[in-house]
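Observations on the model geometry
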Amino acid sequence: MTKSLLQLEHVSKSFGGNHVLQDVNVRIDQGEIVGLLGPNGSGKSTLLNLVTGFGAIDGGSIALDGRSIASLPAHRIVNAGIGRTFQLPSMPKKMSVMEVAMAASTAHHGVLETIFGASSARKAEAAAHARATVLLEQLLLTHVRDLPSSALSGGQKKLLGIVCALMSDPRLLMLDEPTAGVHPNLRNDIVQSLRRLNNKGMTLVIVEHDMHFIREVCTRCIVLDRGRIVASCHPEELAS
């Protein structure tokens, strides 16, 4: 039997009188690639924000591996095993690509030296550098690793956003429109990178409008409309 990784039960969220999510039930199984679809304003990004700690639910429950995460702050949800990207990546302009990647490591923070001493901090920095090096190679960014992040194209910033999300070694990766506005060549790189991650056992939830991408990558799609789930099926079933 397939193991459930993420479970949302009767989740609701309103902003004033606007009911963005209403009685939403979602189950994401380990190893799936799930596309989250719906028109603008249907609640897709809000759902990602609630799962990843960037907003509080009004009702219902959210659990990862059976453990409630609904009340946890974003950094603790990262530590629990969920990474995410954003629709419009915002990078520190003067930091290099490598520096941005290393800054995303949960193990590479200045507080380590205060708590564990300089030796442990140096080891954490070396480990973060090694992981960033591997991820930048996997996401085809090695050739720009020393450039300022401001020099990257929109598609390369999307790839760097994925690198940053992977620095914490998540079990579940949630992506907000990873191919929107991306050059076709880079789009293919993103597709191949996501497939490799899934082949290694990572579970993916992807917000997208591009049905061709959904059919190409996803094993299942969930459709939101006006804050409610209206479909959960294989992409080909939805297309027909």
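Let me sum up the structure you'll find in this document. (Residues numbered from 1 in each chain as written. Predicted model: local features only at pLDDT ≥ 70, side-chain atom pairs only at ≥ 80, totals over all residues. Heavy atoms only, no water.)

The helix and strand tally for the chain stands at nine helices and 10 strands. A burial count over the chain gives 46% of its 240 residues as buried. Sequence-distant contacts, at least 24 apart, represent 68% of the contacts inside the chain between residues at least 6 apart. In the form shown here, the chain has an accessible surface area of approximately 11,600 Å², with 52% of it arising from carbon and sulfur atoms. (Helix = DSSP H or I, 4+ residues; strand = E, 2+ residues; numbered from the N terminus. Buried < 20%, exposed > 50% of the residue type's maximum accessible area, 1.4 Å probe, protein only. Contact = heavy atoms within 4.5 Å. Areas by Shrake-Rupley, 256 points an atom, 1.4 Å probe, with all protein chains shown as cover.)

Moving on to unusual backbone geometry. As a rule of thumb, non-glycine residues mostly have phi less than zero, and peptide bonds are mostly trans rather than cis. Residue His10 is not a glycine yet carries a positive backbone phi of 55 degrees. Tracing the backbone shows His10 in strand E1 (residues 4-15). Here Asp23, not a glycine, exhibits a phi torsion of approximately 50 degrees, which is positive. Tracing the sequence through the fold places Asp23 in strand E2 (residues 18-29).

Further remarks concern the side chain of Asp29. Locating Asp29 in the fold gives a position in strand E2. On the basis of relative accessibility, which here comes to 14%, the residue Asp29 falls in the buried class. Excluding its chain neighbours within four sequence positions, the residues that come into contact with Asp29 are Thr2, Lys3, Ser4, Leu5 and Thr203.

We now examine helix H1 (residues 44-51). Of all eight residues in H1, six are buried, a share of seventy percent or more. Restricting attention to buried positions, one finds in H1 the residues Lys44, Thr46, Leu47, Leu48, Leu50 and Val51.

Let us look at the side chain of Thr46. With respect to the secondary-structure elements, Thr46 resides in helix H1. Assessed through its relative accessible area of 15%, Thr46 is described here as buried. The residues touching Thr46, leaving out its near neighbours within four places in the chain, are Lys13, Phe15, Val20 and Leu21.

On to the packing of helix H6 (residues 154-166) against helix H7 (residues 184-199), then. Between H6 and H7, the least distance of the axes is 9 Å, while the angle of their chain directions is 15 degrees. Taken together, H6 and H7 sit at an angle that is classed as roughly parallel. The handedness of the crossing between H6 and H7 is left-handed. Side by side, H6 and H7 meet where Gly155, Gln156, Lys158, Leu159, Ile162 and Leu166 of the first sit next to Leu186, Ile190, Leu194 and Leu197 of the second. Taken together, the residues that form the contact of H6 with H7 break down as seven nonpolar, two polar and one charged. (Axes fitted to C-alpha atoms, helices over the stretch in contact; angles between N-to-C directions. Parallel < 35°, antiparallel > 145°, perpendicular 65-115°, else oblique. Left-handed = near helix turned anticlockwise from the far one by under 90°. Nonpolar A, V, L, I, M, F, W, Y, C, P; charged D, E, K, R; others polar.)

The next point concerns the nonpolar core. Judged by nonpolar contacts, the single largest core of 42 residues is most densely connected at Leu160, Ile162, Val163, Leu166, Leu173, Leu194 and Ile206. The element that contributes the greatest number of residues to this core is H6, accounting for seven residues. When neighbours within four sequence positions are excluded, Val163 is seen to be in contact with Ala101, Leu135, Leu136, Leu139 and Leu141. Judged by nonpolar contacts, the second largest core, of 29 residues, contains Leu5, Val26, Met174 and Leu224. (Core = buried A, V, L, I, M, F, W, Y, C linked by side-chain atoms within 4.5 Å.)

The final tally for this structure, using the stated rule, is nine salt bridges. Asp65 is paired through a salt bridge with Arg171; the nearest N and O atoms lie 2.2 Å apart. One end of the pair, Asp65, is in the loop between strand E4 (59-64) and strand E5 (67-68); the other, Arg171, is in the loop between H6 and strand E7 (172-176), with 106 residues separating them in the sequence. The exposure class of Asp65 is partly exposed, given its relative accessible area of 33%. On the basis of relative accessible area, Arg171 is assigned to the partly exposed category, the value being 36%. One network of salt bridges, in which partners are shared, links Lys3, Asp65 and Arg171. (Salt bridge = Lys/Arg side-chain N within 4 Å of Asp/Glu carboxyl O.)

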